[in-house]
Every structure is written in C-alpha cells, then in structure tokens.
Amino acid sequence: MSSSKTNVPLVTGAIFIATFMSAIEGTIVSTAMPTIVGDLSGVALMNWVFSIFLLTNAMATPIYGKLSDMFGRKRLFLFGLAIFIVGSTLSGMSNSMTELIIWRAVQGIGAGSIMPISFTIIADIYPFEKRAKVMGFNGSAWGIASIVAPLLGGFIVDQMSWHWIFFINIPVGLLAMAGIWIFLKEKPRKSTQTLDVLGSVWLSVALLALMFGFQVLGDTHINWGILLLSLLVSVLSFLGFIRQEGRVANPIIPLKLFKIRTFVTQNLVAALISGFLMGFEVYLPTWTQGLLGLPASLAGFAITPSSLMWIVGSFIAGKLLLNRSPKQIINFSLTFILVGGLAMALAPQATPFWSFFVIAAICGTGFGITITTTTVTVQNQVPKEDVGVATSLNTLSRTLGQTLMISVFGIIMNVKMASGVAAHQGTNLAMMNRLINPQTARTLSSTLLKPLRQILYSGLHWIFIVALGLVVLSYLINQLDHLNKPEA
C-alpha cells in the first residue's frame, strides 16, 4: 500500500470513526437493554443479544485477516462495514427477541473486520516508529465511547426509541465507508491462491463451540452436559483444523507463525491481560455501586481514568519500542498492572471512591503500553504477506481471553454469593440483585445492608485475587520470550 497516494490523516479519521462505532456498540446496547426486554418480552433470551455478537465476531476475525492478506485491506474493510450496517438496520427493525438475536449475529460478522483490519491498515500506512502513537489515538475511541455511550443511549431511549441505538450506526458507518473508499489508495491484489474453505469451516466450528462453552460456563446454573459437549466439539474441530492447515498450500492461519516464540508469548500476554481487563471494567463499577451505593452514571466514571491513561500508555509504548525489546517493555508495563491489581485485591471494603481513580489511572497506563506493544510486535514478527493474519490472531487472542475470564469471574461471584447467603440467615440471592442496583438497594433494611455488602465484597475480593494471578502468569510467560534486543 502506498502512503504517498493515500490521504493518511483522512484515512486515519475514517478508521477512528469505524472503531468508535464498534466501541460504543456494546455499552449503548446495554443501556437500552431493559427497555428492549420490556418491549419485546424476552428476558430469558437477553444474554444472547450480547453472546451471539461475540460468537460471530470471534468466528469472523481470523477469516477477515487472511482474506485481507489475499485480496487487500480496502475491499474487506468496506465489506465488513457494509455487513455491520445491514445487521444494524435489521436489528433496529426487529419485532421479537429472536429476530434481534439473528440480526445481532449478522452485526457481529461485520464487526469482526473492524478491529483487526483497522490495525492492519495502520501498519500499512505508518512506519514502525509512528505506529504505536497512532494506535493510541485510535484506541482513544474506546475511552470516549465509555463516557459517551451511557449518556447517548439514555437520551436515545428516552427521547426517541430503542430502535435508534441501531439505526444511528447507518450514517456513522456510511461516513467511515466513504472515507476509506475515497482516500485509501491500495494497489489491486489478484491472488492466485484459493481460500482454504475447509480450514475456515473447521476453525469457525471450533471457535463457535469454544465460545458457546464459555457462555454456558458463565450461566448461573451450568449445564455440564452441554458444556462438555461444546468443549469436545471444539477440541475435535481444532484437531481437524490443525490437520487441514498442515497439508494445504494456502492455510487460513499458517502454522509456521506458532514457531515464532515472541509471536506466541506476545499473544498469550495479550489474552491474559485482556482477561484481567474484563475483571477491572465489569467489577470495579459493581464495587462502587454495590458497596458505596453510588448511582450507575457516577460509578461508571470510576474506570474513566484508565481509558484516558491508555492513550498515554500507547504513546509511551511508541517511544520504548524504538530502543527496548518487547520483553523489556512488557516487564515494565506489567508492573503498572501488578500495582493496580494488588491495590484492588487488597482494598478494604470502606475504600473511598477517589482511590479507584488512582487505581484506574495506574492500570490504564499499563493496559496502553501492554496492548499496543503486543499488537505492534506481532505485526513486526511476521512476513509482510501475513500481517493481516497476525493482527487478526492478536485480536482473537484478546477476545478469547475476555470471554473466558468473564465466565470464570461470573462463576466466582455466583459461588461466593450462594455460600454467603447460605451463611447469613435472612438473606437471599434476590436481595443481592437489589443491592447491586443503588435504586433498589434503598428498599433494603439497614440491618440487611451490612451482611449483604460483606457477601458482595467477598465475591469481588476473590475476583480481583484471581485477576491478579493473570498478571503474575503474564509476567512468567513473558520471561519465555528470547527477544532481548529492540526490533528493527
């Protein structure tokens, strides 16, 4: 791709718009979900509105990466955005929960292109020394989305209707498509190789079964039969995939990449830290609402400093990548996350609200350095013709880490709440649900609030201890990296 012909600033802006659209999607749907459930009468299917999006997103990500290496970034990015817009339009037109779930699956297939191909285009149009800074700028879309989404979602639901949380993606997506279509100049690619269709099928089935198993694992009442069947299908499909990839000329994921130690260690670190990130983003607001009794609008701001410092961390990563090895940088960045993780794991129940701003800022700096470094490093570890695949694998690693750990954290919370309720007479799980929502917590008597908050604190405490273990494991895995010199 020739950056001399491409309008680099405007393409970067279009990528930012697409990333922001993807980033705001999850939170804005969460904000509107109570209204959607009330309108479509589908509380039993509510979780699938989110789960199906993750499932199809993960399934599509590696396929987009390979196709973008074969046929070019531009056409695949435009195709993915078009699918996302179609899925958004049809989601907004849904008249039942089942319809909404089907069209959310389509939305997820389109969204699977946005993050990996965005990072790949950035790698194509920016030199190595500027790449991390631009990724930091692009990553700021997530921070802005975390602030804007609840406010925008609430406004749309109150002033218009929930359908518009999906329809709003149409003009935004078309604007991003126009920017890429007009300003990204790419040499036409006519690949003589054929897509490894059977490998794609094996991989898709393996990922779908694995992700579905993660969803079952996070249920309040785990269906162990379905879980074991899902894991069995996933393992057998992965074996079929590996066998297929070893015998085709143009594999969907070249197995040779897994022989590059730095490539493997960086992706594992990205997966583990993304798992830690889910514990931080989901359960820190739960703490501020359930234990401190703050309203959701204020509690959510507890993690805002992490989004802002993520950008700073990305800029730091850009500087460090010029004269430090990935191993050294990750050791440095994990120190920030370790300090933040320790603070969360050791925080007493009466920890004041302002303390979480400090913790979030420390963690955010570590997240920015770690995620940016792992992304840039895996891109730099592979031949140019495999950059798309490498980037998509990095994105997939992060998605799998998040999905697995949110299920594990859910199990920890469910177990601790069940045992806590059993040990405190006069309490039940329905009361725990009321406690977590400050609006309904007011209906609980003061005599019940103390034991209920102690139960919630115990669950959060153990979640943060397990999350801290992910950081320690990341540090140990990083020591296996043999690359001790800065990359060229």
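Residues numbered from 1 in each chain as written. Predicted model: local features only at pLDDT ≥ 70, side-chain atom pairs only at ≥ 80, totals over all residues. Heavy atoms only, no water.

The helix and strand tally for the protein chain stands at 19 helices and zero strands. Taken against the 2.2 N^0.38 rule, which gives 23 Å for 488 residues, the C-alpha radius of gyration of the protein chain at 22 Å falls within 12% of a compact globule. For the protein chain, the spread of C-alpha atoms along the three principal axes comes to 70 × 55 × 45 Å. The burial tally for the protein chain puts 56% of its 488 residues in the buried class. Here the protein chain displays about 20,200 Å² of accessible surface, and carbon together with sulfur accounts for 69% of that area. When the 29 positive and 16 negative side-chain charges of the protein chain are each reduced to one mean point, those points stand 7 Å apart. (Helix = DSSP H or I, 4+ residues; strand = E, 2+ residues; numbered from the N terminus. Rg over C-alpha atoms; globule rule 2.2 N^0.38 Å. Buried < 20%, exposed > 50% of the residue type's maximum accessible area, 1.4 Å probe, protein only. Areas by Shrake-Rupley, 256 points an atom, 1.4 Å probe, with all protein chains shown as cover. Lys, Arg positive; Asp, Glu negative; His and termini not counted. Charge placed at Lys NZ, Arg CZ, Asp CG, Glu CD.)

Counting across every chain of the model gives 12 aromatic pairs. Measuring from ring centre to ring centre gives 5.0 Å for Phe-353 and Phe-357, while their planes differ by 80 degrees; the resulting arrangement is edge-to-face. With Phe-353 and Phe-357 both in helix H15 (residues 353-380) and four residues apart, the pair spans about one turn of that helix. Linked through ring pairs, Phe-276, Phe-280, Trp-310 and Phe-367 together constitute an aromatic cluster. The ring of Trp-181 carries the charged tip of Lys-74 above its face, separated from the ring centre by 5.6 Å. (Phe/Tyr/Trp six-rings, centres within 6.5 Å; stacked < 30°, edge-to-face > 60°. Lys NZ or Arg CZ within 6 Å of the ring centre and 35° of its normal.)

Here we take up the pattern of salt bridges. In total, this model carries three salt bridges according to the counting rule given. Between Asp-124 and Arg-73 there is a salt bridge; the shortest N-O distance is 2.7 Å. Residue Asp-124 is found in helix H5 (residues 114-125), and its partner Arg-73 is found in helix H3 (residues 73-92); the two are separated by 51 residues along the sequence. Here Asp-124 and Arg-73 have matching classes, each one buried. The partner of Asp-386 in a salt bridge is Lys-256, with the nearest N and O atoms 3.7 Å apart. (Salt bridge = Lys/Arg side-chain N within 4 Å of Asp/Glu carboxyl O.)

Domain annotation for the protein chain reports domain 1 (1-189), domain 2 (194-249) and domain 3 (256-487). Each of domain 1 and domain 2 was reduced to a C-alpha centroid, and the two centroids are 25 Å apart. Taken together, the 11 residues of domain 1 in the interface contact 10 residues of domain 2. In this assembly, domain 1 packs against domain 2 so that about 950 Å² is buried in total across both faces, 83% of it on carbon and sulfur atoms. (Domains from an automatic or database assignment. Contact = heavy atoms within 4.5 Å. Buried area = accessible area lost by both parts, 1.4 Å probe.)

Here the focus is helix H10 (residues 224-245). Every α-helix winds through 3.6 residues per turn, so residues three or four apart in the chain are directed the same way. The terminal C-alpha atoms of H10 lie 31 Å apart, and with 22 residues this matches the ideal 32 Å at 1.5 Å per residue to within 8%. Residues of H10 that are buried make contact with helix H9 (197-217). One side-chain oxygen of the residue at the start of H10 lies 3.2 Å from the amide nitrogen of Gly-225, identifying that residue as Asn-223. (Expected span 1.5 Å × (residues − 1). Polar contact = N/O pair within 3.5 Å; in protein donor to acceptor, adjacent residues only side chain to side chain.)

Turning our eyes to something else, we now look at the nonpolar core. Considering soluble globular proteins, one finds that nonpolar side chains tend to be buried as a cluster. With 51 residues, the main nonpolar core has Phe-276, Phe-280, Phe-367 and Phe-464 as its most contacted residues. Of all the elements in the fold, those that place two or more residues in this core are helix H11 (261-290), helix H14 (326-346), H15, helix H16 (387-423), helix H17 (429-436) and helix H19 (446-478). Those residues in contact with Phe-367 that sit more than four places away from it in its chain are Ile-273, Phe-276, Leu-277, Phe-280, Trp-310, Ile-337 and Thr-372. (Core = buried A, V, L, I, M, F, W, Y, C linked by side-chain atoms within 4.5 Å.)

Time to look at the packing of helix H6 (residues 128-159) against helix H13 (residues 304-320). Any two packed helices are characterised by the angle at which their axes cross and by the distance between the axes. H13 packs onto H6 with a crossing angle of 175 degrees between their chain directions and a minimal axis gap of 7 Å. If you check the angle between H6 and H13, you find them roughly antiparallel. Note on element contacts: H13 touches H6 through Thr-304, Ser-307, Ile-311, Ser-314, Phe-315, Ala-317, Gly-318 and Lys-319, opposite Glu-129, Ala-132, Lys-133, Gly-136, Ser-140, Gly-143, Ser-146 and Ile-147. Of the residues belonging to the contact of H6 with H13, the class tally is five nonpolar, eight polar and three charged. (Axes fitted to C-alpha atoms, helices over the stretch in contact; angles between N-to-C directions. Parallel < 35°, antiparallel > 145°, perpendicular 65-115°, else oblique. Nonpolar A, V, L, I, M, F, W, Y, C, P; charged D, E, K, R; others polar.)

Our next topic: the side chain of Thr-395. Tracing the backbone through its elements, the reader meets Thr-395 in helix H16. A relative accessible area of 4% places Thr-395 in the buried class. Beyond its immediate sequence surroundings of up to four residues, Thr-395 is in contact with Thr-61, Met-115 and Pro-116.

What follows deals with H13. Over its 17 residues, H13 runs 25 Å from end to end, which matches the ideal 24 Å to within 8%, given 1.5 Å per residue. All of the buried residues in H13 are Thr-304, Pro-305, Ser-306, Ser-307, Trp-310, Ile-311, Gly-313, Ser-314, Ala-317, Gly-318 and Leu-320.

Together, Val-197, Leu-198, Val-201, Trp-202, Val-205, Leu-229, Leu-232, Val-233, Val-235, Leu-236, Leu-239 and Ile-242 make up an exposed nonpolar region whose accessible area comes to about 1,000 Å². Looking at the nonpolar patch, the elements with two or more residues in it are H9 and H10. If you tally residues by element for the nonpolar patch, the top one is H10, at seven residues. Summarising the element assignment, Val-205 is placed in helix H9. The exposure class assigned to Val-205 is partly exposed, which follows from its relative accessible area of 35%. (Patch = residues over 30% accessible without salt bridge, like charges linked within 9 Å, V, L, I, M, F, W, Y side chains within 5 Å.)

What follows covers the environment of Ala-105. With respect to the helices and strands, the residue Ala-105 is situated in helix H4 (residues 97-111). Residues Ala-105 and Phe-84 lie 21 residues apart in sequence; the distance between their C-alpha atoms is 9.7 Å. Apart from residues lying up to four places away in sequence, Ala-105 is in contact with Ile-52 and Thr-56.

Topologically, Pro-326 is positioned in helix H14. Considering only alpha carbons, one finds Pro-326 and Leu-449, 123 residues apart in sequence, at a separation of 48 Å.

Moving on, we get to the packing of H5 against H16. Put simply, H5 and H16 touch, their axes get as near as 8 Å, and they point 135 degrees apart. Relative to H16, H5 is oriented oblique. Of the two possible hands of crossing, H5 and H16 adopt the one that is right-handed. Taken together, the residues of H16 that come into contact with H5 (itself represented by Met-115, Pro-116, Phe-119, Thr-120 and Ala-123) are Val-387, Gly-388, Thr-391, Ser-392, Thr-395 and Arg-398. Of the residues contributing to the contact of H5 with H16, the split by class is five nonpolar, five polar and one charged. (Left-handed = near helix turned anticlockwise from the far one by under 90°.)

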